[in-house]
Amino acid sequence: MKAEQKSTAFSFLTALILTVVTAFMVDALFDNLHNVLIWLISLSTGTAMGVLLYRSMMKKTRHIELELKKVFPEKWRTLLQNHVLFYQKLPEMEQKQFEEDVRLFLASVKISGVETQITDDDKLLVAASAVIPVFRFREWNYQNLDEVLLYPDNFNEKYETASAQKRNILGMVGNGVLDRKMILSLPALRQSFYNPVSPVNVGVHEFSHLIDKSDGATDGIPRLFLDEQYILPWLDVLHKETRKIRQGESDINPYAAVNQQEFFAVVSEYFFKKPELLKDHHPELYEMLCLIFRTKQ
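To keep things clear, this report deals only with the structure shown in the data block. None of these values were measured; they are calculated from a predicted model.

## A short note on the overall build of the protein chain
- Per the secondary structure count, the protein chain includes 11 helices and 4 strands.
- Looking at the protein chain as a whole, 39% of its 297 residues qualify as buried.
- Taking the contacts inside the protein chain whose residues are at least 6 apart along the sequence as the reference set, 63% of them involve residues at least 24 apart.
- Accessible surface computed for the protein chain: about 17600 Å², of which carbon and sulfur atoms make up 59%.

## Regarding the sheet that holds strand β4 (residues 181-185)
- An order of β1-β2-β4-β3 is seen for the 4 strands of this open sheet, with the pairing classed as mixed. Both edges of this open sheet fall to β1 (110-113) and β3 (171-173), since each of them pairs with a single strand only. Averaged over all pairs of adjacent strands, the angle between strand axes in this sheet comes to 15°, irrespective of strand direction.
- The pairing of strand β2 (residues 147-151) with β4 spans 5 bridges and is parallel.

## What to know about the pairing of β4
- Burial analysis of β4 places 4 of its 5 residues in the buried class, the great majority of the element.
- Sheet analysis places β3 next to β4, joined by 3 bridges and oriented antiparallel. Bridge pairing in β4 places Met172 opposite Ile183.

## As for the pattern of salt bridges
- In this structure the tally under the stated criterion is 12 salt bridges.
- Several salt bridges converge on common partners, so that one network encompasses Glu74, Arg77 and Glu99.

## Digging into unusual backbone geometry
- Positioned with a positive phi, Glu115 is a non-glycine residue whose angle comes to about 55°.
- On the secondary structure map, Glu115 appears in the loop between β1 and α5 (120-131).
- Given a relative accessible area of 73%, Glu115 falls into the exposed group.

## A few points about helix α7 (residues 202-213)
- In a regular helix each residue adds 1.5 Å, so 12 residues correspond to 16 Å; α7 covers 17 Å between its end C-alpha atoms and thus fits that length.
- The buried count for α7 comes to 11 of 12 residues, which makes it a mostly enclosed element.
- Among the residues making up α7, those that are buried are Val202, Gly203, Val204, His205, Glu206, Phe207, Ser208, His209, Leu210, Ile211 and Asp212.
- The residue sitting at the N-terminus of α7 and contributing the capping side-chain oxygen is Asn201; that oxygen lies 3.1 Å from the backbone nitrogen of Gly203.

## Some thoughts on the packing of aromatic side chains
- Tallied over the full model, the rule gives 21 aromatic pairs.
- Ring plane angle 80° and centroid distance 5.8 Å describe the contact between Phe105 and Phe207, whose orientation is recorded as edge-to-face. Separated by 102 residues along the polypeptide, Phe105 in helix α4 (residues 92-108) and Phe207 in helix α7 bring together distant segments of the chain. The residues Phe105 and Phe207 share a single accessibility class, namely buried.
- Judged by centre distance (5.0 Å) and plane angle (75°), the ring pair of Phe271 and Phe272 falls under edge-to-face.

## Looking at the side chain of Asp219
- With respect to the helices and strands, the residue Asp219 is situated in the loop between α7 and α8 (231-246).
- According to the relative accessible area criterion, Asp219 is buried, its value standing at 17%.
- At 3.0 Å, the side chain of Asp219 forms a polar contact with the backbone nitrogen of Ile221.
- Residue contacts for Asp219: discarding those within four places in its chain leaves Asp212, Gln260 and Gln261.

## Focus on the side chain of Glu241
- Structurally, the position occupied by Glu241 is in helix α8.
- No salt bridge is formed by the buried Glu241. Its closest oppositely charged neighbour is Lys244, at 4.3 Å.

## Thoughts on the environment of His205
- With respect to the element layout, His205 can be found in helix α7.
- Residue classification places His205 among the buried residues on the basis of a relative accessible area of 7%.
- Remark: the alpha-carbon pair of His205 and Glu269, spanning 64 residues in sequence, is separated by 5.5 Å.

## What to know about the packing of α4 against α5
- With their axes 9 Å apart at the nearest point, α4 and α5 run at an angle of 110° to one another. Here α5 runs roughly perpendicular to α4, going by the angle between their axes. Seen along the crossing, α4 lies across α5 with a hand that is right-handed. For the pair α4 and α5, the contacting residues are Phe98, Asp101, Val102, Phe105 and Leu106 in the first and Lys123, Leu124, Val126, Ala127, Ala128, Ala130 and Val131 in the second.
- The residue inventory of the contact of α4 with α5, partitioned by class, reads 10 nonpolar, no polar and 2 charged.

## Quick word on the packing of α5 against α7
- Where α5 contacts α7, the axes come no closer than 8 Å and their chain directions differ by 50°. Considering their axes alone, α5 and α7 lie oblique with respect to each other. Crossing hand, α5 versus α7: right-handed. Counting all contacts with α5, which are made through Val126, Ser129 and Ala130, the residues of α7 involved are Gly203, Val204 and Phe207.
- A class-by-class count of the residues in the contact of α5 with α7 yields 4 nonpolar, 2 polar and no charged.

The rules behind these values
- Note that residues are indexed from 1 along each chain, following the sequence as it is written.
- For a predicted model such as this one, the threshold for reporting local features is a pLDDT of at least 70, and the threshold for listing and counting side-chain atom pairs is 80 or more; totals across whole chains, interfaces and linings nevertheless cover every residue.
- As a rule here, side-chain values come from all non-hydrogen atoms in the structure, and water together with hydrogens is ignored.
- The helix and strand labels rest on DSSP assignments: H or I over at least four residues marks a helix, E over at least two residues marks a strand, and numbering proceeds from the N terminus.
- Relative accessible area decides the class of each residue, using a 1.4 Å probe on protein chains only: under 20% of the type maximum gives buried, over 50% gives exposed, and in between gives partly exposed.
- Contact definition: two residues touch when any of their heavy atoms are within 4.5 Å.
- The Shrake-Rupley method, run with a 1.4 Å probe, gives the accessible areas here. Residue values count only the displayed protein chains as cover.
- When DSSP finds at least two bridges between two strands, those strands are taken to pair.
- The axes used here are C-alpha line fits, helices contributing only the stretch in contact, and every angle between their N-to-C directions lies in the interval 0 to 180 degrees.
- What counts as a salt bridge is simple: a side-chain nitrogen of Lys or Arg found within 4 Å of a carboxyl oxygen of Asp or Glu.
- Every helix has an expected span of 1.5 Å times one less than the residues it contains.
- For this analysis, a polar contact is any N or O atom pair within 3.5 Å, provided that within protein one partner can donate a hydrogen and the other can accept it, and provided that sequence-adjacent residues contribute only side-chain to side-chain pairs.
- For this analysis, a ring pair means two rings from Phe, Tyr or Trp (six-membered ring only for Trp) whose centres lie within 6.5 Å, classed as stacked if their planes differ by under 30 degrees, edge-to-face if by over 60, and tilted for the remaining angles.
- Counting rule applied: Lys, Arg positive; Asp, Glu negative; His and chain ends not counted.
- The labels follow the angle: roughly parallel below 35 degrees, roughly antiparallel above 145, roughly perpendicular from 65 to 115, and oblique for the rest.
- Put simply, a crossing is left-handed when the front helix is turned counterclockwise from the back one by less than a right angle, and right-handed when it is turned clockwise.
- Put simply, Ala, Val, Leu, Ile, Met, Phe, Trp, Tyr, Cys and Pro go in the nonpolar bin, Asp, Glu, Lys and Arg in the charged bin, and everything else, Gly too, in the polar bin.

Interpretation note: all reported values are geometric properties and have no functional meaning in isolation.
Right under this line is the structure:
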């Protein structure tokens with residue numbers, strides 16, 4: 001009788017152990033199956049995203065190729081010749097290169113009017129603003145920009161153009177929800193090219209900010225344009241000119257004295273809009289900007 005009880009107890013214990021082990025094995029199997037399923041889903045999702053990204057890139061590439069094959073409008077060439085000093089001073093072969101760069105920018109970056117109608121000429125002015133400061137950098141493209149928004153007027157920090165609040169912003173490089181976007185006042189953009197007297201060019205100003213930002217720090221030091229040994233000389237000129245502005249001894253827009261990044265943007269527009277005047281009034285600054293933008297061949 002005792003032998004039978006021991007045998008029954010042993011059988012029960014064995015069965016219990018087998019049940020527990022089986023349960024663990026099944027659980028582990030389901031865990032593995034779950035992990036495998038997640039991996040397969042991730043792989044398929046990643047593949048699908050990769051395919052979509054590839055198709056999008058190919059579509060954009062084909063669009064750019066088609067745009068570059070188009071004939072540059074004679075109307076645009078006339079506008080550049082009449083209103084864009086930088087283009088006017090280029091030899092004929094480089095003017096052709098400038099036109100191609102304009103085409104490439106327009107094919108790569110969307111330009112939209114916000115509560116305002118824009119023309120192809122307006123888009124040309126945006127593209128010219130983008131090309132001017134990077135013209136000597138043949139491999140350059142604005143990787144940190146997808147779209148330029150043209151507003152009907154100056155705007156405030158809330159991007160409002162009809163508010164009673166102070167609206168003194170002519171342009172801005174977006175951040176947050178507006179990351180990879182630029183905002184320009186359309187009237188200010190037009191005046192930048194159609195008013196030859198003023199040294200202001202809001203387009204060049206904002207694209208100079210993008211150039212400054214492209215090295216990861218918006219600090220008024222365009223490291224991708226400036227060799228290491230010239231950074232300290234640039235800062236020395238920057239600080240000397242800023243002191244003159246604050247003392248009322250300079251014709252440079254006082255906004256340049258706000259900080260280093262605004263100084264770089266303000267003097268860049270001055271440099272491209274009124275190069276001879278800048279050279280006469282600020283020869284050392286002029287030479288540094290020639291070095292930065294490689295305008296001396």
